[in-house]
Amino acid sequence: MAHILLKELRKSYAGQEVIHGVSMDIADGEFVVIVGPSGCGKSTLLRMVAGLEGITAGTIEIGGRVVNDLEPRDRDIAMVFQNYALYPHMSVRENMAYGLKISKMPKPEIEQRVARAATMLELEPYLDRKPRALSGGQRQRVAMGRALVREPSALLLDEPLSNLDAKLRVQMRLQIKDMHLRTGQTTLYVTHDQVEAMTLADRLIVMNKGIAEQIATPSEVYRTPASEFVAGFIGSPAMNIFTIRAEAGTAILPGGHRLAIAGIPASGEVRLGLRPEDLEVTDADTASIPIDLRSVEHLGADAFGYGVIVGSDILLTLRLPGTSTAQRGDRLNVAPFPGRLHLFSIETGKRI
Amino acid sequence: MNRTVFPHKLLPWLLVTPQLAITVIFFYWPAAQAFRQSMLREDAFGLSTSFVGFSNFRRVLSDPNYLNALQVTVIFSILVAFCAMSIALFLAVQAEKIVRGKGFYRTMMIWPYAVAPAIAGMLWLFMFNPSFGTLAWPLRQLGIAWNPLLDGEQAMGLVVAASTWKQISYNFLFFVAGLQAIPRSLQEAAAVDGASRRHAFWTIVFPLLAPTTFFLLVVNTVYALFDTFGIIHAVTGGGPGKSTETLVYKVYNDGFVNLIMGDSAAQSVILMVIVIGLTAFQFRFIERRVHYG
Ligand SMILES: Nc1ncnc2c1ncn2[C@@H]1O[C@H](COP(=O)(O)OP(=O)(O)O)[C@@H](O)[C@H]1O
Ligand SMILES: [Mg+2]
């Protein structure tokens, strides 16, 4: 168990900076998820914490100790790799015991720990098998087991579920959550999947091009995204975001529709963000946005309507009740729930 | 599955004929000739031959010179195979660590392979010949009584060194390829698991390299047994005395220098049996312990 401190971390490859100063204070026992699109530097950040990549600038502390120049083995961490990196010539048992043997732990205790992990991960029948004789899900569990038996200060996982099929991914996600509740281990988890990020995290780091756009709890990230990037990245279906013009406190929408929005600047252009579930179908006479429905998808409990704002080509997604009878070609008037809209600066992308 | 079916039976045979012809002409036919010859005895002038059964074999196997050659071969082969493989592995591991100039380093490492054995032998001779060798004088200055023309052990050291040097390139190439096939993440996992680089090498990298190592063991054994003839011929000529006379060299010596064709043929048949036996042994007992990823 340990608390992890990242201070102004930077990383350059051959003069090209890919991590531009990330800072974060991770509490003991916290589950932090690093999420972002492919290539944004998630793995690099995690690997810097692990000691597999050098640090160009900044400091990393684990358990109150600066570990910048320590080898991975001196950092008291364990890691689960995306491709699992199981030792192919060793049995499941040997894979899990490898690190314990190196730390010169007495044999009975090694056996005890491996047995405990095997029980927890339902791996007992496979202990004497080689990794190649295991399914993807079993390999993943072995990788988890190998990390857990060492009871490290911090557990690092790099997209551990991305090689599994959808159903298994949900199962393993629940198991990982469960395991974290049981062990209370400080955990850093990398994923590009926002569902994994939202369901697992105590706190999220949303990364974009080597910058931490927002560090907050999942609900904060969802309710008050700090930037247009975060708003667009988190949430499915994605938030509707388009440019509006402000004129004397009212907003002019694409197509020329006027809408009173609290808190918009007196003049100039801003980006308006509306989540699909924050749009309500209303009567034509109230302040609303008219849209022409292009298509409706029924998912059972919910339905999603896709339409364009009348007089423009801006596409809006809105959530409809599952019982809705709206269909392609209908004209609907929708109004945003007050207080649920998001404004972002055009220049900086930051929340206003 | 899509199987190609030839319209008649002859064509497939026709297509494999060139390969079969090469194998038959250059392998089976000479082997059969050696076998036939090993049962014959020629008179001193080569005018008449007579069938003598296995008596050539009996004489060869009870000849102390032959047993000496066998012993020399065993020592020589083990030394060459071990040195060539371990040095090549060491260099390949070092080459992996290089960041800049990797390609240049590798190219330079592969170079010696392009040198013909006899020429490699000459190079080493020029360096270490006691009277005109470039390095012989410095060795003597260091207090070493350097004279491989008289000292059998020094002569052995010299041919082992030359043969090893020649084979390192080949082994290096295969070890580099073998190392590249091992995913980096395995070594990273080991590093996170607490292994030092040395420990990770012996517990992860080396075991995973076993298929390459095994392949090279077979190739190097055959190399040491046969292909080093040119080097020995150029450097020591089997001497001093018979201290560097290997089995192959003795086959050549008895057959083409002393012109005892029957004995020479019997020796080459024995050698063939030894190589087949050794390779079979390697596949049977060592390969079983090899883990193919
Ligand atoms: N060894 C490397 N050398 C040069 N550039 C690298 C290296 N590793 C990663 N990068 C670059 O750093 C950026 C972040 O990579 P990475 O952390 O792997 O992204 P993610 O895990 O978020 O997909 C990418 O643009 C990638 O091209
Ligand atoms: Mg990655």
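Residues numbered from 1 in each chain as written. Chains lettered and ligands numbered in written order. Predicted model: local features only at pLDDT ≥ 70, side-chain atom pairs only at ≥ 80, totals over all residues. Heavy atoms only, no water.

Q: Teacher, can you tell me more about the overall build of chain B here?
A: Counting its secondary structure elements, chain B contains 13 helices and 2 strands. Buried positions account for 42% of the 293 residues belonging to chain B. Sequence separation of 24 or more characterises 67% of the internal contacts of chain B that already satisfy a separation of 6 or more. By element, 70% of the accessible surface of chain B is carried by carbon and sulfur atoms, the whole surface being about 17000 Å². When the 20 basic and 13 acidic side-chain charges of chain B are each reduced to a single mean position, those positions are 10 Å apart. (Helix = DSSP H or I, 4+ residues; strand = E, 2+ residues; numbered from the N terminus. Buried < 20%, exposed > 50% of the residue type's maximum accessible area, 1.4 Å probe, protein only. Contact = heavy atoms within 4.5 Å. Areas by Shrake-Rupley, 256 points an atom, 1.4 Å probe, with all protein chains shown as cover. Lys, Arg positive; Asp, Glu negative; His and termini not counted. Charge placed at Lys NZ, Arg CZ, Asp CG, Glu CD.)

Q: Sorry, what's going on with helix α1 (residues 42-50) of chain A here?
A: At 3.6 residues per turn, the α-helix brings residues three or four places apart onto the same side. Residue and element names in this part refer to chain A. Here α1 lies mainly inside the structure; 8 of its 9 residues are buried. All of the buried residues along α1 are Lys42, Thr44, Leu45, Leu46, Arg47, Met48, Val49 and Ala50. Directly after α1, the chain includes Gly51, whose backbone phi takes a positive value near 95 degrees.

Q: So what exactly am I meant to see when it comes to the site of ligand 1 here?
A: All names here are of chain A. Surveying the vicinity of ligand 1 reveals the residues Tyr13, Val18, Pro37, Ser38, Gly39, Cys40, Gly41, Lys42, Ser43 and Thr44. Within the side chain of Tyr13, one N or O atom sits 3.3 Å away from a nitrogen atom of ligand 1. One nitrogen or oxygen atom from the main chain of Gly39 is found 2.6 Å from an oxygen atom belonging to ligand 1. Partitioned by chemical class, the residues of the shell around ligand 1 number 4 nonpolar, 5 polar and 1 charged. (Near = heavy atom within 4 Å. Polar contact = N/O pair within 3.5 Å; in protein donor to acceptor, adjacent residues only side chain to side chain. Nonpolar A, V, L, I, M, F, W, Y, C, P; charged D, E, K, R; others polar.)

Q: What am I meant to see in helix α3 (residues 64-97) of chain B here?
A: The first and last C-alpha atoms of α3 of chain B sit 50 Å apart over 34 residues, in line with the 50 Å expected at 1.5 Å per residue. Capping of α3 of chain B at its N-terminal end is provided by Asp63 of chain B; its side-chain oxygen lies 2.9 Å from the backbone amide nitrogen of Asn65 of chain B. (Expected span 1.5 Å × (residues − 1).)

Q: Just to check I follow, could you spell out unusual backbone geometry for this structure?
A: With the exception of glycine, the majority of residues adopt a negative phi angle, and the majority of peptide bonds are in the trans configuration. Residue and element names in this part refer to chain A. Of note, the bond from Ser236 into Pro237 is cis; its omega dihedral lies within 30 degrees of zero at 0 degrees. Mapped onto the elements of the fold, Pro237 is located in the loop between α8 (228-233) and β11 (240-247). For Lys104, which is not glycine, the phi torsion reads 60 degrees and is therefore positive. For Lys104, the location among the structural elements is in the loop between α2 (92-102) and α3 (107-120). Residue Glu159 is not a glycine yet carries a positive backbone phi of 45 degrees. Inspection of the secondary structure assignment puts Glu159 in the loop between β7 (154-158) and α5 (166-183).

Q: Sorry if this is basic, but what is going on with the sheet that holds strand β20 (residues 342-345) of chain A here?
A: Sheets are built from strands paired through backbone hydrogen bonds, the pairs being either parallel or antiparallel. Residues and elements named next belong to chain A. Pairing within the open sheet is antiparallel, and its 5 strands lie in the order β13-β12-β11-β14-β20. Of all strands in the sheet, those bounded by a partner on one side alone are β13 (258-260) and β20. Averaged over all adjacent pairs, the angle separating strand axes in this sheet is 40 degrees, with direction ignored. Judged from the 4 bridges that link them, strand β14 (residues 267-274) and β20 form a sheet pairing that is antiparallel. By the bridge assignment for β20, Arg271 is matched with Phe344. (Pairing = 2+ DSSP bridges. Axes fitted to C-alpha atoms, helices over the stretch in contact; angles between N-to-C directions.)

Q: Any chance you could explain the packing of aromatic side chains here in plain terms?
A: Where two aromatic rings form a pair, the distance of their centres and the angle of their planes describe that pair. In the structure shown here, the tally under the stated rule is 18 aromatic pairs over all chains. Their ring planes at 20 degrees and their centres at 5.6 Å tell us that Trp124 of chain B and Phe128 of chain B sit as a pair that is stacked. Residue Trp124 of chain B and its partner Phe128 of chain B are located together in helix α5 (residues 117-128), separated by 4 residues, close to a single helical turn. For Trp124 of chain B, a relative accessible area of 13% puts it in the buried group. You can call Phe128 of chain B buried: its relative accessible area is 13%. With 5.7 Å between their ring centres and 50 degrees between their planes, Tyr249 of chain B and Tyr252 of chain B make a pair best called tilted. With Tyr249 of chain B and Tyr252 of chain B both in helix α12 (residues 247-257) and 3 residues apart, the pair spans about one turn of that helix. Members of the aromatic cluster, each reached through a chain of ring pairs, are Tyr113, Tyr170, Phe174 and Phe215 of chain B. Above the plane of the ring of Tyr87 of chain A lies Arg146 of chain A, whose end atom (NZ or CZ) is 4.6 Å from the centre. The ring of Tyr222 of chain A carries Arg275 of chain A above its face, with NZ or CZ at 3.8 Å from the centroid. (Phe/Tyr/Trp six-rings, centres within 6.5 Å; stacked < 30°, edge-to-face > 60°. Lys NZ or Arg CZ within 6 Å of the ring centre and 35° of its normal.)

Q: How do you make sense of the interface of chain B and chain A when you look at a structure like this?
A: Where the parts come together, the accessible area they lose is often given as the size of the interface. The interface is formed by 22 residues belonging to chain B together with 22 residues belonging to chain A. When the two sides are added together, the surface that chain B and chain A hide from each other amounts to roughly 1800 Å², 59% of it contributed by carbon and sulfur. In this assembly, chain B and chain A are joined by 3 salt bridges. For Arg47 of chain A, the salt bridge goes to Glu188 of chain B, with nearest N and O atoms at 2.7 Å. Joining chain B to chain A, the criterion identifies 10 residue pairs in polar contact (both at pLDDT 80 or more). Of all the secondary-structure elements, those providing two or more residues to the side of chain B that touches chain A are α8 (184-192) and α9 (197-208) of chain B. Examining the composition of the side of chain B that touches chain A, we find that 8 residues originate from one element, α8 of chain B, more than from any other. Residue classes in the side of chain B that touches chain A are distributed as 11 nonpolar, 7 polar and 4 charged. (Buried area = accessible area lost by both parts, 1.4 Å probe. Salt bridge = Lys/Arg side-chain N within 4 Å of Asp/Glu carboxyl O.)

Q: What am I meant to see in the pattern of salt bridges here?
A: Once the charged atoms of two side chains with opposite charge are near each other, the side chains can pair. Residue and element names in this part refer to chain B. One pass over the structure, following the stated rule, counts 27 salt bridges over all chains. The partner of Arg184 in a salt bridge is Glu188, and the shortest N-O contact between them spans 3.3 Å. Taken together, the residues Arg184 and Glu188, both in helix α8 and 4 residues apart, mark about one turn of the helix. By relative accessible area, Arg184 is classed as exposed at 60%. Assessed through its relative accessible area of 10%, Glu188 is described here as buried. In this structure, the salt-bridge partner of Glu245 is Lys242, at a minimum N-O distance of 3.7 Å.

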